[in-house]
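# Coordinates in review
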Amino acid sequence: WRIAFIVACGKGLSYIVNVMKKDVIIIGAGASGLMCAIEAGRRGRSVLLIDHAEKIAKKVRISGGGRCNFTNRDIRPENYISGNPHFCKSALPRFTPDDFIAMLDRHSIKYYEKEAGQLFCADGSGEIIEMLQEECSKAGVEIRLGCRIEDVKKDRFFSLATNLGAFQSESLVVATGGLSYPKVGATDIGYRIAREFGLKVNPQRPALVPFTLHPQDMKIVRELSGVSLNASVRCKGKEFKGDILFTHRGLSGPAVLQLSSYWSPGEEIVIDLLPGLNAYELFMARREGRMEMRNLLAEFLPKRLASIWCELHIQSKPINQYSDKELRLIGEHI
């Protein structure tokens, strides 16, 4: 419902300001904001969902390479980094991956499992967005796009001043996400609102991102660009196993992205190119042969990586020409 205010102006003129009032206003029409709006609407709350973008769920559209990796069957509280780990323990049982999968099934959306429990849409992320929009409509959620917030205040109600008018609500949800992907509209407005209301804001830094190497390493990286392998990466006692990918700028892949959440500038990263294997024992089993080291390594590593690794670190020669000490050192280095 709307409240009309008569506002006195200079020279005796006046104009009417219409204020829309809702039970709940949600800032941010991404995945979290849409899900929140759906649930609030289902509970009988009047809901307004606003976003400065011209389309909803822009990050959802590009997630998973356009396939939308919408959940993981193996979600556990320990997968999350949080100052309050008990929150994850409480929240996850209340809405499980099976609950979201059930929603997809109701909308006849096909999906497939890629690896390690990761679920992707068979026909693209657009289906997820259409599903969320349809669920919002069923729940009576009103969506206003192209809505830029100018001010947020709290007295008896939350009051928002925007380019599309004034809004009031009993509850306000800030679901604006982080600073990643500024090209699709990410801003720091959520952090600014939190600070204005006296909430603690932790220092922000990149997480779940690739590593960019220093300029002196670019030649090596460019030569290996596009090469991927299964490896383990560790830092500060944390270890992740999975694919790592050499890019034209550095290192990426699931294992690297996971580790980036724990790494700080200046800290060492250790990569095990043969996880679960003892390189020295592999060498000793072939000790009597005359196969060159680069060819032996190419049986376990991508051929290009094996060749460049040998160029950088050792003189490749037949395996039987290395001493026991040299083979141990090469094994440890790998």
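Residues numbered from 1 in each chain as written. Predicted model: local features only at pLDDT ≥ 70, side-chain atom pairs only at ≥ 80, totals over all residues. Heavy atoms only, no water.

Strand order across the open sheet formed by 5 strands is S11-S14-S13-S12-S15, with antiparallel pairing between neighbours. Of all strands in the sheet, those bounded by a partner on one side alone are strand S11 (211-212) and strand S15 (270-272). Bridging between S11 and strand S14 (residues 250-252) involves 2 bridges; their strand directions are antiparallel. In the sheet register, Thr212 faces S14, and the bridge partner there is Gly250. (Pairing = 2+ DSSP bridges. Helix = DSSP H or I, 4+ residues; strand = E, 2+ residues; numbered from the N terminus.)

It is worth spelling out the sheet that holds strand S6 (residues 118-121) at this point. Strand order in the open sheet formed by 3 strands is S4-S6-S5, with antiparallel pairing between adjacent strands. Of all the strands in the sheet, the pair left with one neighbour each is strand S4 (69-72) and strand S5 (111-113). Looking at each pair of strands side by side, their axes are set apart by 30° on average, direction ignored. Bridging between S5 and S6 involves 3 bridges; their strand directions are antiparallel. Residue pairing for S6: Tyr112 is matched across the bridge by Phe120. Contacts from helix H4 (residues 97-106) reach S4, S5 and S6, with the element oriented near 140° to S4. (Axes fitted to C-alpha atoms, helices over the stretch in contact; angles between N-to-C directions. Contact = heavy atoms within 4.5 Å.)

Another aspect to go through is the packing of helix H1 (residues 31-42) against helix H5 (residues 126-138). At a minimum axis separation of 8 Å, H1 and H5 run at an interaxial angle of 25°. Comparing their axes, H5 and H1 come out roughly parallel. Judged by the twist between their axes, the crossing of H1 over H5 is left-handed. The segment H1 lies against H5, with Leu34, Met35, Ala37, Ile38 and Arg42 engaging Leu132, Glu135 and Cys136. For the contact of H1 with H5, the class distribution of residues is 6 nonpolar, no polar and 2 charged. (Parallel < 35°, antiparallel > 145°, perpendicular 65-115°, else oblique. Left-handed = near helix turned anticlockwise from the far one by under 90°. Nonpolar A, V, L, I, M, F, W, Y, C, P; charged D, E, K, R; others polar.)

This next bit is on the state of the cysteines. Summed over the entire model, instances satisfying the criterion amount to 0 disulfides. Residue Cys36 stays outside any disulfide, its sulfur separated by 9.8 Å from that of Cys136, the closest cysteine. Not engaged in a disulfide, the cysteine Cys121 finds its nearest cysteine sulfur in Cys68; these two sulfurs lie 4.8 Å apart. The exposure class of Cys121 is buried, given its relative accessible area of 0%. (Disulfide = S-S within 2.5 Å. Buried < 20%, exposed > 50% of the residue type's maximum accessible area, 1.4 Å probe, protein only.)

This paragraph deals with the environment of Leu305. Residue placement: Leu305 occurs in helix H11 (residues 303-313). Overall, the relative accessible area of 4% leaves Leu305 in the buried class. Considered as a pair, Leu305 and Phe246 are 59 residues apart in the sequence and their alpha carbons are 9.8 Å apart. Those residues in contact with Leu305 that sit more than four places away from it in its chain are Leu224, Val227, Leu229, Phe246 and Leu273.

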